[in-house]
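Here is how the chains run, residue by residue.
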Amino acid sequence: MNGTPNNESPPQSGGLSSQTSQSSPPSQDWWQDTVECWHRLPSKVFFFGLLAAWLALFQFYGNSILGYLHTPSLFAVLLSAYNDPNADDSQGLLIPFLVILLYWGKRKELLALPLKVWWPGGLIFLGALLLHIFGFWIQQQFIAIAALFIGLWGLMGLAWGPAWLRHSFFPFWLFIFSVPLGAHGQIITFPLQQLVSWLTEKCAHILGIDVIRVGTQLFDPSGKYGYEVAAACSGIRSLVAIFLLATIFGFVFLRKPWHRICLMILAPPFAVFGNLLRMLLIIIVADLGGQSWGDYVHEGCPIHLPFSLPLIGNEIAVVNLLPYVPAIVGFLLIGGWLEKREKKEQSA
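Residues numbered from 1 in each chain as written. Predicted model: local features only at pLDDT ≥ 70, side-chain atom pairs only at ≥ 80, totals over all residues. Heavy atoms only, no water.

## Concerning the overall build of the protein
Consideration 1: Helices and strands together make up the secondary structure of the protein, namely 15 helices and five strands.
Consideration 2: The buried share of the protein, reckoned over its 348 residues, is 39%.
Consideration 3: Long-range pairs, those at least 24 residues apart, make up 67% of the contacts in the protein between residues at least 6 apart in sequence.
Consideration 4: A total accessible area of about 20000 Å² is found for the protein, and carbon and sulfur atoms account for 69% of it. (Helix = DSSP H or I, 4+ residues; strand = E, 2+ residues; numbered from the N terminus. Buried < 20%, exposed > 50% of the residue type's maximum accessible area, 1.4 Å probe, protein only. Contact = heavy atoms within 4.5 Å. Areas by Shrake-Rupley, 256 points an atom, 1.4 Å probe, with all protein chains shown as cover.)

## Structural notes on the pattern of salt bridges
Consideration 1: With the rule as written, the count across this model stands at seven salt bridges.
Consideration 2: In this structure, D33 and R107 form a salt bridge, with 2.5 Å as the shortest nitrogen-oxygen distance. Residue D33 is located in helix α2 (residues 26–40), and its partner R107 is located in helix α6 (residues 107–111); the two are separated by 74 residues in the primary sequence.
Consideration 3: Its salt-bridge partner being R213, residue E201 comes within 2.8 Å of it at the nearest N-O pair. Residue E201 is located in helix α11 (residues 186–206), and its partner R213 is located in strand β1 (residues 212–214); the two are separated by 12 residues in the primary sequence.
Consideration 4: Judged by relative accessible area, which is 11%, E201 ranks as buried.
Consideration 5: Within the structure, one salt-bridge network assembled from shared partners comprises D33, R107 and K108. (Salt bridge = Lys/Arg side-chain N within 4 Å of Asp/Glu carboxyl O.)

## Re the layout of surface pockets
Over the atoms rolls a probe the size of a water molecule, and its path tells where empty space is left.
Consideration 1: There is about 1100 Å³ of room inside the largest pocket.
Consideration 2: Taken together, 34 residues make up the lining of the largest pocket; nearest its centre are F48, L51, P96, I100 and Y103.
Consideration 3: Where the lining of the largest pocket is concerned, the elements lending two or more residues are α2, α3 (44–60), α4 (74–82), α5 (95–105), α6 and α8 (141–160).
Consideration 4: Of the residues in the lining of the largest pocket, the class split is 30 nonpolar, three polar and one charged. (1 Å grid on protein atoms, 1.4 Å probe; cavity = no way out; pocket = protein on both sides within 12 Å on 5 of 7 lines; lining within 4 Å. Points joined across faces, edges and corners; volume = space filled by probe spheres on them. Nonpolar A, V, L, I, M, F, W, Y, C, P; charged D, E, K, R; others polar.)

## Here we look at the nonpolar core
Consideration 1: Core analysis: the largest hydrophobic core is formed by 79 residues, its most contacted members being F47, M156, W160, W164, F172 and L174.
Consideration 2: Other than its neighbours up to four places away in sequence, L174 contacts I95, L98, V99, L102, L244 and T247. (Core = buried A, V, L, I, M, F, W, Y, C linked by side-chain atoms within 4.5 Å.)

## A short note on the packing of aromatic side chains
Consideration 1: For the structure on display, the rule yields 21 aromatic pairs.
Consideration 2: With centroids separated by 4.4 Å and ring planes inclined at 35°, the aromatic side chains of F47 and W160 adopt a geometry described as tilted. Here F47 is found in helix α3, whereas its partner W160 is found in helix α8, with 113 residues between them in sequence. The pair F47 / W160 is uniform in exposure class, with both members buried.
Consideration 3: Centroid distance F149 to F175: 4.8 Å. Interplanar angle 20°. Geometry classified as stacked. On the criterion of sequence distance, the pair formed by F149 in helix α8 and F175 in the loop between α10 (169–172) and α11 is long-range, its members being 26 residues apart.
Consideration 4: On the accessibility criterion, F149 (14% relative accessible area) is buried.
Consideration 5: By way of ring pairs, the aromatic residues W38, F47, F48, Y103, W160 and W164 are connected into one cluster.
Consideration 6: Above the plane of the ring of W104 lies R107, whose end atom (NZ or CZ) is 3.9 Å from the centre.
Consideration 7: Above the plane of the ring of F170 lies R260, whose end atom (NZ or CZ) is 4.7 Å from the centre. (Phe/Tyr/Trp six-rings, centres within 6.5 Å; stacked < 30°, edge-to-face > 60°. Lys NZ or Arg CZ within 6 Å of the ring centre and 35° of its normal.)

## Comments concerning the sheet that holds β1
Each strand in a sheet pairs with another by means of backbone hydrogen bonds, the pair being arranged parallel or else antiparallel.
Consideration 1: Reading across from one edge, β1-β2-β3 is the order of the three strands in this open sheet, with antiparallel pairing throughout. Looking along the sheet, the strands with just one partner apiece sit at the ends: β1 and β3 (226–228). The mean inter-strand angle of the sheet, taken between neighbouring strand axes irrespective of direction, is 20°.
Consideration 2: Two strands pair when backbone bridges link them, and strand β2 (residues 217–219) and β3 are joined in this way by three bridges, in the antiparallel orientation. When the bridges of β3 are listed, Q217 appears paired with E228. (Pairing = 2+ DSSP bridges. Axes fitted to C-alpha atoms, helices over the stretch in contact; angles between N-to-C directions.)

## With respect to a nonpolar patch on the surface
Consideration 1: Side chains of W30, W31, V35, L101 and W104 sit close together on the surface and give an oily, nonpolar patch of about 520 Å² of accessible area.
Consideration 2: Among the secondary structure elements, those contributing two or more residues to the nonpolar patch are α2 and α5.
Consideration 3: With three residues, α2 is the largest single contributor of residues to the nonpolar patch. (Patch = residues over 30% accessible without salt bridge, like charges linked within 9 Å, V, L, I, M, F, W, Y side chains within 5 Å.)

## Some points on unusual backbone geometry
Consideration 1: The phi angle at S43 is positive, at roughly 55°, despite the residue not being glycine.
Consideration 2: Following the sequence through the fold, S43 ends up in the loop between α2 and α3.
Consideration 3: For Q139, which is not a glycine, the phi torsion comes out positive at approximately 60°.
Consideration 4: Counting through the fold element by element, Q139 comes out in the loop between α7 (120–138) and α8.
Consideration 5: By relative accessible area, which is 44% here, Q139 ends up partly exposed.

Next comes the structure, spelled out in structure tokens:
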């Protein structure tokens, strides 16, 4: 009888501690875990001191083109490009926060690596510094922006070693979407315009709708309606968003690099297919009800809400969400299949 209480006491204490930990608020759990990981991170003063100096360089000597935007700050140039309504670079504002969030989600994996000061990382940083000097001298902002991110990559390698660089490649490379394309975006948008307009014409003919295509213009032979697949309608916005979605999905749910790359390769076809569905829907509705009906679908069939939502307002353009449906369904199906394969290989 004396042995029975002694054997039961450990489970009771373990269950009590488990209930105590479960009863603590989730916000305190993740915050305490973040603080603990922060204390475990080595070379903090070394890294963030160099980072502050590196960012100050681009704040005061980042832009040598003192023209329409008269400022030496490269960050002011980037902010102006992101807020330009005539460009498709607004996603650049969200990328830094997204990268930080992904790093935070991978914090335990990164801290489990053999972290050390790795002096060859200084060569990457020195190369980025020379690249920025060259870009500053020839007045090429594109080169300076690339040098900014390469230098940040080199600083992480210098402070925490090559293992950190290898395991954090997928979050960090998303900074490529922070580089504003501006006029260079026509290299991507114009072929997309031609492809989407050509596919829309062929699919409309299959459905029995007589559409004439001239370049990127689609119109009815009788003049009932007419549309142009402009740069904004080419799918460049959905392409960037879907590519980011593929990267995040692969990063969170998949382990093998080639599985992640597979999802990224599928992003452009999904973006083209989704935008094709939108343009085809506009043509079908315009053929049935004329230009006014097609214009209503072209505007996204807006629905007015009795309340306002953050970043959206009180209006939702339902049809504008159509280009993302094939990508979301495709990533769930293909990504789920790849995830199951990885689990089977691990269990085997």
